Amino acid sequence: MRFALDAEQRAFGRVLDRMLSAAGTPAAVRAWARGEHGPGLALWERVAAAGVFQPAAPEAYGGAGLLPVELSVAFVELGRHGVPGPLVETVAALVLLGRLAGAGEAAPAEEWGPRACAGRARLTLAAAGGPYALDADVADAVFVVDGPQGAAGGAGRHTLRLAPGHGPVQPSLDPARRLARPHGDGELLATGPAVRDAAAHAAEWAALATAAQALGVGHALLDRTVAYARRRTQFGAAIGSFQAVKHRLADTLVDLEFARPLLLGAAVALAGDDPGTSAAVAAAKAAACDAAYAAARTALQVHGAIGYTAEYDLSLWIGKARALRSAWGTPRECRAKALGLYDGL
Amino acid sequence: MDLGFTAVERSLRAEARAWLAAHVPPEPLASLETEAGFAQHRAWERTLHEGRWSVVSWPREYGGRGCSLLEWLVFEEEYHAAGAPARVSQNGVHLLAPTLFAHGTDEQRARVLPAMAGGGTVWAQAWSEPEAGSDLASLRSVAVRTEGGWLLSGHKAWSSRAAFADRAFGLFRSHPGADRPHHGLTYAMFPLDADGVTVRPVGRLDGKPAFAELLLDDVFVPDEDIIGEPGRGWRVAMSTAGAERGVTLRSPGRFTAAARRLVTLWRAAGEPLDGALGDRVADAVIRARAYQLHGYAQASRPGPADPAGAESSLTKVFWSELDLALHETALDLLGPRGELADTAGEAPAGGGWADGWTFALAGPVYAGTNEIQRDVIGERLLGLPKGRRG
């Protein structure tokens, strides 16, 4: 057993962190929230060039092979820097198409895989995650999986379509996340049980990536809040010296530190296609999203009123911490699945 | 990165599982917080030692197996999954032994460790004092130099299992003129039946009598029972204090086993996962898994563990709260039966939830309160400014 990132995986995270730190991400996030996608799309290309989508696709379709650990490392950094766009959804679509290709339906993966991995196409999809597609207005392809709801046995037909368009773009609690309902019909890409299986598998990857993103969001909130608590004085002392403040921040670190092994454990389970994967991913998502949301509450409390303003960058992460909780698996759904954690072990 | 076990680890697991299946008493032992239960648990330590399972992480020369941290985690998973008894020797094995390995002399190790491994000598910790507690720099018990050794006097309090234990170890103020409060302390071992020692049992909140306070009046300790340099006891204690808070004190296997039992209880109740109680069951399971994986991550680190590191404060806060959450959830799930002590006629079979809850209640208090741990996390891991304490 070696349950630790290797040097190359750690370096991957560091390179992304450095690149995004230098990129002035908050300005791109704010523009994205206004519907001005230019700076965000430029960022997208750089992020893709750094290889963040490649761990979600087989080599035959432009990827690096399926590497959930590397994907997790990357998405922690994307969350830490609040990078906007259908990042998780592009991963989910890549995994879905790759899985379908493995089941004999290669045409969609051939068309979209290499372009998406290289950052030349943005993908989004509406599937188990809910009726909305994230950032459909900037996506080059909006995929829709349809089929009988909750039918484990798949009595009805499952279909994968390319939506011909989408309804109005609606704001989210996270201003940088923009939701739309895809239009029905559209080109039929695949049908049958293979679609159901591929969509379920893609949803696991999406939940893993969301958990990683949430962990990064939580760390960003904690880091900024610690810096603020060291600087800001009240009653003649830095507020970070007060136990009431210090202990909330300590608890935030405890929550984040113990969500991390769940995330990496889930990534390892997904890599091995272990029988316990679904529970492991759900546990990681519940823990990481809880930790991130608690971090947001603490960040707001410690910052006080300035943290409640939109002009202060903290707001970029507070909204995201809330939104990620219900994306790709609600807390309740995740907990129900996580009860099976020890069934396969 | 992987979560697979090597052939050596799998073989250790299989060997431990087979041995435990053959040796774990079919009926739970009486509580080790009672005199009769203490004797039963001491006998169990002897049985464990005969199978060479009592101190698996120690070197072979002292009765161990030289197990790595990961192998120890594996053994502990099997130990708790088998429902094996609580360890009456844990103060010695987890707290004194690491100190002796780091700071003791060869003579001390050869004299103290084998008897500890076999349950022949059961150790109590004598660190806390009235009005000191987590603040060891406020200790007032003294060690006064005398011919060939030291004379200990003072008042130690809340010493777990000291009512029935054989010997104790603790810190004493030996150099009263020292420039700072945590200088001038000396780390000493002493017998609990020595002249000048009064052991006064103090009932715990469940009434069980194994807690004790120790009144010391010129208790003679020879030089060979001082660990490290006299006057440097703080440093000796701090270098191994992490062992009292980290993963080796509360093995993940214990929580894993409790989480499995909790899920069984939940499923036996036949309820679908809804409502706050269901969420709490799931959260306890999730956190038990987080702690297990955290242990694997620690074991995967290159180089020796840093038991005194501030990271053990993270671990301590986490496991102490997890322990409470697991047991409180089980008691709530049991409804009216959750009030019953484990010795009650209609207590839930094989649960141990009531004793476990009592044990868990103390977690946020001992080994340095969680408030102290949060200060350490804030100051040493997050870099927040020091605040005033006390």
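Nothing here was measured: the structure is a model prediction, and the numbers come from that model. (Residues numbered from 1 in each chain as written. Chains lettered and ligands numbered in written order. Predicted model: local features only at pLDDT ≥ 70, side-chain atom pairs only at ≥ 80, totals over all residues. Heavy atoms only, no water.)

## Quick word on the overall build of chain B
What chain B contains, in helices and strands, is 11 helices and eight strands. Taken against the 2.2 N^0.38 rule, which gives 21 Å for 390 residues, the C-alpha radius of gyration of chain B at 21 Å falls within 12% of a compact globule. Each of the three principal axes of chain B carries a C-alpha extent, and together these read 70 × 50 × 50 Å. Split into buried and exposed, the 390 residues of chain B put 53% on the buried side. Nonlocal contacts in chain B, meaning residues at least 24 apart in sequence, comprise 72% of its contacts between residues at least 6 apart. Total accessible area on chain B is roughly 16,300 Å²; 53% of this is exposed by carbon and sulfur atoms. Across chain B, 40 positive and 49 negative side-chain charges occur, with their mean positions spaced 4 Å apart. (Helix = DSSP H or I, 4+ residues; strand = E, 2+ residues; numbered from the N terminus. Rg over C-alpha atoms; globule rule 2.2 N^0.38 Å. Buried < 20%, exposed > 50% of the residue type's maximum accessible area, 1.4 Å probe, protein only. Contact = heavy atoms within 4.5 Å. Areas by Shrake-Rupley, 256 points an atom, 1.4 Å probe, with all protein chains shown as cover. Lys, Arg positive; Asp, Glu negative; His and termini not counted. Charge placed at Lys NZ, Arg CZ, Asp CG, Glu CD.)

## Quick look at the sheet that holds strand 7 (residues 187-191) of chain A
Residue and element names in this part refer to chain A. Within the open sheet, the four strands sit side by side as 1-3-4-7. Their pairing is mixed. Strands at the two margins of the open sheet, each flanked by one partner only, are strand 1 (123-126) and strand 7. Averaged over neighbouring strand pairs, the angle between their axes works out to 25° when direction is ignored. Helix-sheet contacts for helix 5 (residues 87-102) involve strand 1, strand 3 (141-146), strand 4 (159-162) and strand 7, and the interaxial angle to strand 1 is about 80°. (Pairing = 2+ DSSP bridges. Axes fitted to C-alpha atoms, helices over the stretch in contact; angles between N-to-C directions.)

## Considering helix 11 (residues 331-338) of chain A
Those residues of helix 11 of chain A that fall on the buried side of the exposure criterion are Pro331, Cys334, Arg335 and Ala338 of chain A. Relative to the axis of helix 11 of chain A, the buried residues are bounded by an arc of 100° and lie together on one face. The inward-facing, buried residues of helix 11 of chain A abut helix 9 (277-303) and helix 10 (314-326) of chain A together with helix 8 (275-300) of chain B. (Arc of directions from axis to C-beta.)

## Focus on the pairing of strand 4 (residues 167-173) of chain B
Residue and element names in this part refer to chain B. With seven of its seven residues buried, strand 4 lies for the most part within the structure. Of the two faces of strand 4, the one lined by Arg167, Phe169, Leu171 and Arg173 and the one lined by Ala168, Gly170 and Phe172 are each fully buried. With four bridges connecting them, strand 1 (residues 123-126) and strand 4 associate as parallel partners. Pairing of Trp123 across the sheet is with Arg167, part of strand 4.

## Here we look at the interface of chain B and chain A
Contacts between the two partners involve 50 residues from chain B and, on the opposite side, 41 residues from chain A. Together, the buried faces of chain B and chain A total about 4,000 Å²; carbon and sulfur atoms form 69% of this surface. Of all residues in chain B, Met1, Ile286 and Leu382 of chain B bury the most surface against chain A, accounting for 19% of the area lost on that side. At the boundary of chain B with chain A, the tally comes to five salt bridges. We note a salt bridge from Glu379 of chain B to Lys246 of chain A, for which the minimum N-O separation is 2.6 Å. Our count for the chain B to chain A interface comes out at 16 residue pairs in polar contact (both at pLDDT 80 or more). When residues of the side of chain B that touches chain A are traced back to their parent elements, those giving at least two are helix 7 (252-268), helix 8, helix 9 (311-333) and helix 11 (370-381) of chain B. (Buried area = accessible area lost by both parts, 1.4 Å probe. Salt bridge = Lys/Arg side-chain N within 4 Å of Asp/Glu carboxyl O. Polar contact = N/O pair within 3.5 Å; in protein donor to acceptor, adjacent residues only side chain to side chain.)

## Here we look at the pairing of strand 5 (residues 185-191) of chain B
Residue and element names in this part refer to chain B. Strand 5 sits mainly inside the fold: six of its seven residues count as buried. Here strand 4 pairs with strand 5 via seven bridges, running antiparallel. Opposite Phe172, over in strand 5, you have Thr186 as the bridge partner. The pairing of strand 5 with strand 8 (residues 226-227) spans two bridges and is antiparallel. The residue bridging Tyr187 from the neighbouring strand is Ile227, located in strand 8.

## Examining the domain arrangement of chain B
All names here are of chain B. Domain boundaries assigned for chain B yield domain 1 (7-87), domain 2 (123-232) and domain 3 (246-382). On a C-alpha basis, the centroid separation for the pair domain 1 and domain 3 is 20 Å. Every contact between the two is made by nine residues of domain 1 and, on the other side, 13 residues of domain 3. Buried surface at the junction of domain 1 and domain 3, both sides included, amounts to about 930 Å², of which 76% is carbon and sulfur. The interface formed by domain 1 and domain 3 holds zero salt bridges in total. Among the residues forming the side of domain 1 that touches domain 3, the class breakdown is five nonpolar, two polar and two charged. (Domains from an automatic or database assignment. Nonpolar A, V, L, I, M, F, W, Y, C, P; charged D, E, K, R; others polar.)

## Overview of empty space enclosed by the protein
Residues and elements named next belong to chain A. Taken as a whole and judged by the stated rule, the model has six cavities of 30 Å³ or more. Approximately 80 Å³ is the volume found for the largest cavity. Where the lining of the largest cavity is concerned, the elements lending two or more residues are helix 5, helix 7 (193-231) and helix 10. Per-element accounting of the lining of the largest cavity gives the leading share, three residues, to helix 5. (1 Å grid on protein atoms, 1.4 Å probe; cavity = no way out; pocket = protein on both sides within 12 Å on 5 of 7 lines; lining within 4 Å. Points joined across faces, edges and corners; volume = space filled by probe spheres on them.)

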